[in-house]
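Residue-level structure breakdown
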Amino acid sequence: MADRINIQAFSLQYSAATPRVLSSLILEIPRGTCCAILGPTGAGKSSLLHCLAGTMRRHHPESLSSGSIQIGDRLFDGLPPRVLFPAVGLALQDPHVQISGVRDTVFGEVLFTLENTSQVPEDPSAVIVPLLRKLGIDHLADRKPTTLSGGETQRVALATILVARPPVLLLDEPTTAMDLAAQERLRGILRGMKQTTTIILTDTQLDFALGICDQIVVLEQGKVLFDGSPGKFLRRMEEFRALIPLESWLPMKQNILRLVEKPTRFGSRLAATLGIR
Amino acid sequence: MSIELRNVSFAYPGGKPVLRDLSFSAERGGFLLVIGQNGVGKSTLLKLLNGILKPTSGQVLINGMDTATQPTSRLAKEICVTFQNPADQIFAPTIRAEVEFGPRNLRRENVGQLVDNALSLCELDALSSHHPYDLPAAQRKLLTVASAIASGASFLAFDEPSAGLSQIERSIFERLLSALKKEERGLIVVSHDLALLLPYATTVLILARGEMTYYGDADAVTQQRELIRKAGLRLPLPYRLEKLLGK
């Protein structure tokens, strides 16, 4: 079952000698919703995901934190002390790091997750093959995972996380190497998962998030600059043009807002495409 | 000064053909944008340009030199290719040393100047003594671009150079594209990022199932909706909406 995430006055430093990368963050992500965290390089997007996944303490044992993180009914004072997978799944920004490389096939690589989390079903194919098909990579099942193209690797890396069905799914810039058709597939998968999964994704751009996310958060230098619905974001997007590429959206903004407010079929289709209510 | 592919086909050893019968050319001062689905052979195509891979049949000519007979060290003087994953190429202990490696080994005369220019174009000059792995991923991507620029090669080929770049680095990247055009360098770029790159491209090449299905004017490509759909590609959401909203 999906978990609610509640972050209260959370701050993080990698060490006592370095500045805060996250600063007094207050965020609530309701269960079964999708939140997109947008912002430029160095805003703290990946750091936040690593905090939620419980991987921060392992990679940076000297890091300092304050405030609290609540995931479902687990309340952590500061950083979670251990990796929370499979309760929280994190797809890393660099998919090549996610691939263990200890298995000779894509199928084996995905199965490896189920073995590590003691979730191997009687017939693993019945779970893995449909997942690969949904991601559009079933034709790669017998390929060596380390010989794939960038976009293929990104989808295999995602499969290794999705197969564990984590109730909280964190995706760190999940589409950087994907073609737009693959992005559409992932968008469909995430939409279908929302009932049972709370999703947080980071991105440097707006496009992928629209239509799946219920909440947009803009981070800059570790601080929340904006937290609201996609509709509210579209209305205020000028404010963020220096941080997020919005040049192709800005000229269309007034048109979009005018159309989605009309009770026509086109208007409601457009509203659904962009996730504006 | 040009790159020319004549009826090039390529298969990895023991595998099916990845690329079939490609013929196209790229000129200095031009910008060829290569698009296609994941796994269609775009990165393979770039590796054919600098001789890391040799065509199974056909010819790749770089400024008149056949990649089948020239050593990669000679071809590197003419064309520099960046990899999609920066970790596949970054190895030096500092950013400056990383950028210097190319021009120094190619025995360029003005190494210092080439390096300074590349670091400044990529706005990495203030970080030149840092370790590359202390940079965020987006800046590491720019570092690979800086290394290519500093090589002094007349042709530069970038594999997904804007993937993961935020607005800050995208602005830097746009500025350096304009600067490279002024320097009359030839660019060949593999990317899914039409929103950023299409306005700069002069020519577009669409790859679908190993074959070239479009090779022509960049301005006309967004009209080729059927070709784009058949190649398994989609135009960025703003492009699609623009058409709908225009009605």
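Here goes a summary of the coordinates provided. (Residues numbered from 1 in each chain as written. Chains lettered and ligands numbered in written order. Predicted model: local features only at pLDDT ≥ 70, side-chain atom pairs only at ≥ 80, totals over all residues.)

**A short note on the overall build of chain A**
Stated precisely, the cut-off is as follows: Under the scheme used here, helices are H or I runs from DSSP no shorter than 4 residues and strands are E runs no shorter than 2 residues, and both carry numbers assigned from the N terminus. Residues are called buried when their C-beta atom has 20 or more other C-beta atoms within 10 Å, exposed when it has 12 or fewer, and partly exposed otherwise; all C-beta atoms are positioned from the backbone. Residue pairs are scored as contacts if the distance between their C-beta atoms, which are placed from the backbone, is within 7 Å.
What chain A contains, in helices and strands, is 10 helices and 10 strands. With the principal axes as the frame, chain A shows a C-alpha extent of 50 × 50 × 35 Å. Here chain A holds 277 residues, and 46% of them are scored as buried. For chain A, contacts bridging at least 24 residues in sequence account for 67% of all contacts bridging at least 6.

**Topic: the interface of chain B and chain A**
Counting from both sides, the interface comprises 31 residues of chain B and, opposite them, 30 residues of chain A. Secondary-structure elements contributing two or more residues to the side of chain B that touches chain A are helix H5 (137-150), helix H6 (167-182) and helix H9 (237-246) of chain B. The leading source of residues in the side of chain B that touches chain A is H9 of chain B, at five residues.

**Focus: the sheet that holds strand S7 (residues 168-172) of chain A**
Think of a sheet as strands paired side by side through backbone hydrogen bonds, with each pair either parallel or antiparallel. All names here are of chain A. Rules: Strand pairing is defined by DSSP finding a minimum of two bridges between the two strands. Helix axes are fitted only over the stretch in contact, all axes being lines through C-alpha atoms; the angle between N-to-C directions runs from 0 to 180 degrees.
Spatially, S6-S7-S8-S3-S9-S10 is the arrangement adopted by the six strands of the open sheet, whose pairing is mixed. One side of each edge strand has no neighbouring strand; the edge strands of this open sheet are strand S6 (88-91) and strand S10 (223-228). This sheet shows a mean twist of 15° between the axes of neighbouring strands, independent of strand direction. On top of the sheet, helix H1 (residues 45-53) reaches strand S3 (34-38), S6, S7, strand S8 (198-203) and strand S9 (215-220); it is set at about 155° to S7, its chief contact.

**A look at the packing of helix H9 (residues 253-260) of chain A against helix H10 (residues 265-274) of chain A**
Two quantities define a packed helix pair, namely the angle between the helix axes and the distance between the axes. Residues and elements named next belong to chain A. Heads up, the rule is: Amino acid classes used here: Ala, Val, Leu, Ile, Met, Phe, Trp, Tyr, Cys and Pro are nonpolar; Asp, Glu, Lys and Arg are charged; the rest, including Gly, are polar.
Here H9 crosses H10 at 120°, and the two axes come no closer than 8 Å. Contacts between H9 and H10 involve Ile-256, Leu-259 and Val-260 on the former and, on the latter, Phe-266, Gly-267, Leu-270 and Ala-271. Residue composition of the contact of H9 with H10, by class: six nonpolar, one polar and no charged.

**So, the environment of His-59 of chain A**
Within the secondary structure layout, His-59 of chain A lies in helix H2 (residues 56-59). The spatial distance from the C-alpha of His-59 of chain A to the C-alpha of Tyr-14 of chain A is 9.9 Å, given a sequence separation of 45 residues.

**Brief notes about the pairing of strand S1 (residues 2-11) of chain B**
A regular strand places its side chains on the two faces of the sheet in alternate fashion. Residue and element names in this part refer to chain B. As defined by bridge partners, S1 adjoins strand S2 (residues 17-27) across seven bridges and the pair is classed as antiparallel. Of the residues in S2, the one forming a bridge with Ala-11 is Pro-17. Sheet topology places S1 next to strand S4 (residues 57-62); five bridges connect them, and they run antiparallel. Its bridge partner lying in S4, Ser-9 is registered against Ser-57.

**A look at the sheet that holds strand S6 (residues 79-81) of chain B**
All names here are of chain B. Ordered by their spatial adjacency, six strands build an open sheet running S6-S7-S8-S3-S9-S10, and the pairing between neighbours is mixed. Strand pairing shows two members of the sheet lacking a second neighbour, S6 and strand S10 (211-217), which therefore form its edges. Averaged over neighbouring strand pairs, the angle between their axes works out to 15° when direction is ignored. Relative to strand S8 (residues 186-190), strand S7 (residues 155-159) is paired through five bridges, and the arrangement is parallel. Bridge assignment links Ala-157 to a residue of S8, and that residue is Ile-188.

**Brief notes about the nonpolar core**
Residues and elements named next belong to chain A. Keep this limit in mind: What makes a nonpolar core is a set of buried Ala, Val, Leu, Ile, Met, Phe, Trp, Tyr and Cys residues, with links drawn between C-beta atoms within 7 Å.
Counting residues in each nonpolar core, the largest one holds 81 residues, and the members touching the most others are Leu-52, Ala-159, Leu-170 and Ala-209. Considering each element in turn, this core owes the most residues, six residues, to helix H6 (residues 150-162). The contacts of Leu-170, once residues within four sequence positions are left out, are Leu-49, Leu-52, Ala-53, Val-88, Gly-89, Leu-90, Ala-91 and Ile-200.

**Some points on the pairing of strand S4 (residues 64-71) of chain A**
All names here are of chain A. Where strand S1 (residues 5-13) lies against S4, seven bridges are found, and the strand directions are antiparallel. Within the sheet, the bridge partner assigned to Ser-11 lies in S4 and is Ser-66. In terms of strand pairing, S4 meets strand S5 (residues 74-77) through four bridges, oriented antiparallel. By the bridge assignment, Ile-69 is partnered in S5 with Phe-76. Here S4 hands over to S5 after two residues, with Gly-72 in that stretch at a positive phi of 60°.

**With respect to helix H4 (residues 106-116) of chain A**
Residues and elements named next belong to chain A. Residues of H4 that are buried: Val-106, Phe-107, Glu-109, Val-110 and Thr-113. Close packing links the buried residues of H4 with helix H5 (124-134) and H6. Where H4 ends, the next residue or the one after it, Ser-118, has phi of about 50°, a positive value.

**Quick look at the packing of H4 of chain A against H6 of chain A**
Residues and elements named next belong to chain A. Convention followed: Should an angle fall under 35 degrees it is taken as roughly parallel, and over 145 as roughly antiparallel, whereas 65 to 115 is taken as roughly perpendicular and any remaining angle as oblique. Crossing chirality is assigned from the near helix's rotation relative to the far helix, an anticlockwise turn below a right angle marking it left-handed and a clockwise turn marking it right-handed.
Contact pair H4 / H6: the axes reach a minimum separation of 8 Å and the direction vectors enclose 30°. Classed by the angle they form, the pair H4 and H6 counts as roughly parallel. At the point where H4 passes H6, the crossing takes the right-handed sense. Where H4 abuts H6, its residues Val-106, Glu-109, Val-110 and Thr-113 lie against Val-156, Ala-159 and Thr-160. Its residues assigned to classes, the contact of H4 with H6 shows four nonpolar, two polar and one charged.

**Concerning unusual backbone geometry**
Cis geometry marks the peptide bond from Phe-85 of chain A to Pro-86 of chain A; its omega dihedral reads 5°. Within the secondary structure, Pro-86 of chain A sits in the loop between S5 and S6. Unusually for a residue other than glycine, Ser-118 of chain A sits at a positive phi of about 50°. With respect to the helices and strands, the residue Ser-118 of chain A is situated in the loop between H4 and H5. At Glu-123 of chain B, a residue that is not glycine, the phi angle is positive and equals roughly 50°. Among the structural elements, Glu-123 of chain B can be located in the loop between helix H4 (111-121) and H5. Owing to 18 C-beta atoms within 10 Å, Glu-123 of chain B belongs among the partly exposed residues under this scheme.

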